Amino acid sequence: MNAVNDVSPWLIDLAVLTIFLIGIARFRRPESACGGNSLVGAAILGGLAMTLGWSVWHHASVALAAAAVGATLGWFTARRVAMTGVPAMIGFQNGAGGLAAALVAFVELTRRPAADSAIVVLAGTLSLSIGAVTFAGSMIAAGKLANLLAQRPSELRGHGWILRASFGAVAILILWAAIHRSGQTLPAIVGMSALALCAGVVLTIRVGGADMPVLISFLNALSGLAAAFCGVAIANRLLIACGATVAASGFILTHAMCRAMNRRWQSILLDGGATRTDDAPVERTAPVSSGRPPGPAIAAAKQTLLDQTPLDEAPLDEAPLNQARLGQSPLDHALAALRAAMRILFVPGYGMALAGGQQACVQLANRLLQMGKIVKFAIHPIAGRMPGHMHVLLAEADVDSDLLVDLDDINPEFAQADLAVIVGACDVVNPAAIHVPGTPISGMPILNAHLAARVLVCNLDLRPGYSGVDNPLYADPKTILLLGDARDSLQSLLDRLADPPP
Amino acid sequence: MLDVVLLLAVFVVAFAVGVLLIVRVPPRLHTPLMSMTNAVSGITVLGALLLFTASIDRTAVVLAALAVAAGAFNLVGGFAVTDRMLGLFHKRDERRE
């Protein structure tokens, strides 16, 4: 392809990219984003048609059949996936994109004559290895997000060392191939692919839990880089420009997620979960599922559950804990608090989605709005399993999007709130992030639910969130614990609110 | 060599314009944004299809076909799921009017 002498392909690509960028610009507002998505899709399809239209094809039937199979599978999985499954679906698609980039680079490197310029070999090998890392990493991430793999980060012995060594080995192979123009030797390419696949696995198995939004954003950026390098290798401007834009988006989201947790991406991806941005001593915490004995905060909270002095009426029965969990008293407490409160802030977390409680939560909020109360949803940037996930989950439950307020805007309102209703959230409202140094969440910006006059916790149990840090809010005397399945809890609150007040 | 420099310039310009546009996307649209950009990275299907315009051996045809299928899955699935998600946002706005 002689890019300089022929102007018209440049003009076509420029037109395609202009439409593409206008589409992205429309993601500034929810109302125009849907049209923006269609515009971007149309630009990509137009670009495909313009580039492929006047080519001579070999094995055209094979190519078309493969495209039809991929497109059909993609369409049907996208139509059927639940909104809670979107992060896993995106992870899986991302892996497919990385695989495609790696395979194209693999074929290009093996079929090209040895006279290629060093930069082309460099781009090809970079596309191959980044694509392979993206593929392996995204498959692991998608497995974790789909709950097919353990959520718990698994750490190998000398994990950081293995990670650096495998990436270092890939880098050396890439440089060696570029300098000697020997990208064409099959053993070098196969070895590079295998090493990159291993590096992708090693990179991702240690990241889990609350760090998943960072990981998936980073993998998104990598798939863009792989596509862009693939474009340099085959001298295709559309691939380069689209890949670069995707990479930009992925890195911006990675940065936004890290900022939301007050973490550095290096510490999450290279040094494992627990390293902090500050150099405070690190406390290795047990994972969520370890079933360890309850910490002091939980013991105190259980005591509170038993001793809880009632809001206004009859004292709480001295019931055993398991009865208190399901018994009437916490529910009555919660109802009284809901009725008494004027300004109510909901704090939804991913636990709500796990319990399928989005509908009940939105219905309860709507009911309270009808009762003349001021109701808002406080959304933490890392609520959910990927950036912005909570907005989608609540949109599916048909929430009025004006009620959803992001961290920085809602935090000043907690001090004036009569009641904060926490639904399946833990780490994002854990005051330990402010008051206790040296925990994995220390310094993370949280929603200040502890500043509300009263707090209602609709969580499954008192176990800590992904960070493993006990939440002192559970032991606060102003907290009402309505433990159990969030959907059931919210539904019973909703049902009982319909009754006339006693 | 000039070609390569131009290609790198395309990368730099697209990255810069991408940053300028994407920092203005509000957090509530971050999931659809990532889903859409994820679909865009399926543009590698173009590279895979272009392999079929060159003469390649049988092994390469198999690998290229796999690349086409994976890329098409990424591209179509990504745009379809983004469209569904944004439809949820849209539905609410329509009802309010």
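Just so we're clear, the structure is a prediction, and the values are computed from it rather than from any experiment. Note that residues are indexed from 1 along each chain, following the sequence as it is written. Chain letters and ligand numbers both follow the written order, the letters beginning at A and the numbers at 1. Predicted model: local features are reported for residues with pLDDT of at least 70 only, side-chain atom pairs are reported and counted for 80 or more only, and whole-chain, interface and lining totals are derived from all residues.

Asks: Talk me through the overall build of chain A; I want residue IDs and the actual numbers.
Replies: Of the regular secondary structure elements, chain A holds 19 helices and 6 strands. Working definition of a contact: two residues with C-beta atoms, positioned from the backbone, lying within 7 Å. For chain A, restricting intrachain contacts to residue pairs at least 6 apart in sequence, the fraction spanning at least 24 positions comes to 77%. The helix and strand labels rest on DSSP assignments: H or I over at least four residues marks a helix, E over at least two residues marks a strand, and numbering proceeds from the N terminus.

Asks: Could you give an account of the interface of chain B and chain A, naming the residues involved and the relevant values?
Replies: Counting residues at the interface gives 77 residues for chain B, matched by 97 residues for chain A. Counting only elements with at least two residues in the side of chain B that touches chain A, the list comes to α1 (2–22), α2 (30–40), α3 (44–51) and α4 (58–96) of chain B. The element contributing the most residues to the side of chain B that touches chain A is α4(B), with 32 residues. Its residues placed into classes, the side of chain B that touches chain A shows 51 nonpolar, 19 polar and 7 charged. In this count, Pro and Cys sit with the nonpolar residues alongside Ala, Val, Leu, Ile, Met, Phe, Trp and Tyr, while Asp, Glu, Lys and Arg are called charged and the others, Gly among them, polar.

Asks: So, the pairing of strand β4 (residues 419–423) of chain A: which residues are in play, and what are the values?
Replies: Residues and elements named next belong to chain A. As a rule, residues whose C-beta atom has 12 or fewer other C-beta atoms within 10 Å are exposed, those with 20 or more are buried, and those in between are partly exposed; C-beta atoms are placed from the backbone. With 5 of 5 residues buried, β4 is to be regarded as a mostly interior element. Where strand β1 (residues 343–348) lies against β4, 5 bridges are found, and the strand directions are parallel. Within the sheet, the bridge partner assigned to Pro348 lies in β4 and is Val423. DSSP calls a pair of strands paired once it identifies at least 2 bridges connecting them. Across 5 bridges, β4 lies against strand β5 (residues 454–458) in parallel orientation. By the bridge assignment for β5, Ala420 is matched with Val455.

Asks: So what's going on with the nonpolar core? Residues and values would help.
Replies: Within soluble globular proteins, side chains that are nonpolar tend to cluster in buried spots. Ranked by internal contacts, the top residues of the largest apolar core, which has 213 residues, are Phe346(A), Val347(A), Ala420(A), Ile422(A), Val423(A), Leu456(A) and Val68(B). In terms of residue count, α4(B) provides more of this core than any other element does, 18 residues in total. When residues no more than four places from it in sequence are discounted, the contact partners of Ala420(A) are Leu345(A), Val347(A), Phe414(A), Ala449(A), Ala452(A) and Val455(A). Residues enter a nonpolar core if they are buried, belong to Ala, Val, Leu, Ile, Met, Phe, Trp, Tyr or Cys, and are joined to the set through C-beta atoms within 7 Å.

Asks: Mind laying out the packing of helix α2 (residues 30–52) of chain A against α2(B), listing which residues take part and the relevant values?
Replies: Where α2(A) meets α2(B), the axes come as close as 10 Å, and the angle between the chain directions of the two elements is 5°. Here α2(B) runs roughly parallel to α2(A), going by the angle between their axes. Taking contact as the criterion, the partners of Ala33(A), Asn37(A), Val40(A) and Ile44(A) in α2(A) are, on α2(B), Pro32(B), Met36(B) and Val40(B). All axes are obtained by fitting lines to C-alpha atoms, using only the stretch in contact for helices, and the reported angles, taken between N-to-C directions, cover 0 to 180 degrees. Here roughly perpendicular refers to angles of 65 to 115 degrees, roughly parallel to angles under 35, roughly antiparallel to angles over 145, and oblique to all remaining angles.

Asks: Please give an account of the environment of His30(B) that cites residues and values.
Replies: By the secondary structure assignment, His30(B) is in helix α2. Not counting chain neighbours up to four residues away, the residues in contact with His30(B) comprise Leu253(A), Pro387(A), Gly388(A) and Val25(B).

Asks: Tell me about α2(B), and name the residues and values.
Replies: Taken across its 11 residues, α2(B) has 11 buried, putting it largely inside the fold. If you check which residues of α2(B) are buried, you get His30(B), Thr31(B), Pro32(B), Leu33(B), Met34(B), Ser35(B), Met36(B), Thr37(B), Asn38(B), Ala39(B) and Val40(B).

Asks: Lay out the confidence of the model for chain B in plain terms, naming residues and giving numbers.
Replies: What pLDDT conveys is the predictor's confidence in a given residue, as a value from 0 to 100. Per-residue confidence for chain B gives a mean pLDDT of 89; residues scoring 70 or more make up 91%. Interface predicted TM-score (ipTM) for the complex: 0.93; the corresponding pTM is 0.85.

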